[in-house]
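One-letter residues, chain by chain:
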Amino acid sequence: MKPQKFFSYAALILLIAGGAIWYIVDNYYEHQDNDSTAEVVMYKNEGCQCCDKWAVYMQGNGYSVKSVNSHNLYGVKADQGVPQDMGACHTAVVGDYVVEGHVPAEDIQRLLAEKPDARGLVVPGMPASSPGMNTKINEPFKVYLLKNDGSTEVFAQH
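This is a predicted model, so every value here is computed, not measured. (Residues numbered from 1 in each chain as written. Predicted model: local features only at pLDDT ≥ 70, side-chain atom pairs only at ≥ 80, totals over all residues. Heavy atoms only, no water.)

I keep staring at the nonpolar core and nothing clicks. Help me out?
By size, the foremost hydrophobic cluster in this structure holds 29 residues, and its most contacted members are V40, W54, M58, I108 and V143. Secondary-structure elements contributing two or more residues to this core are β1 (39-44), α2 (49-60), β3 (90-94), β4 (97-100), α4 (105-114), β6 (142-146) and β7 (152-157). The element best represented in this core is α2, accounting for five residues. In contact with V40, other than residues within four places in its own chain, are W54, M58, Y63, S64, V65, K66, A92, V93 and V94. One finds V82, M86, V98 and V122 within the second-largest nonpolar core, a separate group that totals five residues. (Core = buried A, V, L, I, M, F, W, Y, C linked by side-chain atoms within 4.5 Å. Buried < 20%, exposed > 50% of the residue type's maximum accessible area, 1.4 Å probe, protein only. Helix = DSSP H or I, 4+ residues; strand = E, 2+ residues; numbered from the N terminus. Contact = heavy atoms within 4.5 Å.)

As structure tokens, then:
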């Protein structure tokens, strides 16, 4: 084989291999952004069944959930900046955000995609039709964006 033809083939192989490697690395990092936000740490009172049902719901939506029984749930809420009047039965941390109560997975996905400058999301109380409550009652509820100053605004309605 002539050296000129050899170098042409070698350059073509390097170009194809470089493109394939670029595609693999780019695709890997695109999926890493989604996977790195899927870890949920949920703080709850021991024996709370609706909290456990919310964790199962979140796992069914692709999240990894670590459940931590807390003897000082009010302290966890205070540490995360959740106002007392916006509290619920469990407090979760997802990435850099707090997720208070029975927040739907689609709202958490939106929060993580949009990355607002805020503390997180809150569903105050325990609405009957929210994820994890598993009742047949159709009780509309709101998800609030908890801002850094402690104020809130409606993020979603269900």
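What follows picks up the thread again.
Would you explain α2 in this entry?
The α-helix winds at 3.6 residues per turn, so residues separated by three or four positions along the chain end up facing the same way. The end-to-end C-alpha distance of α2 is 17 Å, a good match for the 16 Å that 12 residues give at a rise of 1.5 Å each. Those residues of α2 that fall on the buried side of the exposure criterion are C50, C51, W54, A55 and M58. Buried positions in α2, seen along its axis, are confined to an arc of 150 degrees and lie on one side of it. In α2, the exposed positions that point more than 90 degrees away from the buried face belong to Q49, V56 and G60. Close packing links the buried residues of α2 with β1, β2 (64-69), β3, β4 and α4. (Expected span 1.5 Å × (residues − 1). Arc of directions from axis to C-beta.)

Would you mind going over the pattern of salt bridges with me for this structure?
Two side chains carrying opposite charge are able to pair once their charged atoms lie near each other. Following the criterion strictly, the structure yields four salt bridges and no others. Among the salt bridges present, the one from E100 reaches K77, with a minimum N-O distance of 2.4 Å. Note that E100 is positioned in strand β4 and K77 in helix α3 (residues 73-79), a separation of 23 residues in sequence. The pair E100 / K77 is uniform in exposure class, with both members buried. Between K147 and E153 there is a salt bridge, with the nearest N and O atoms lying 2.9 Å from each other. For K147, a relative accessible area of 29% gives the class partly exposed. (Salt bridge = Lys/Arg side-chain N within 4 Å of Asp/Glu carboxyl O.)

Nothing here speaks to function; it is geometry throughout.
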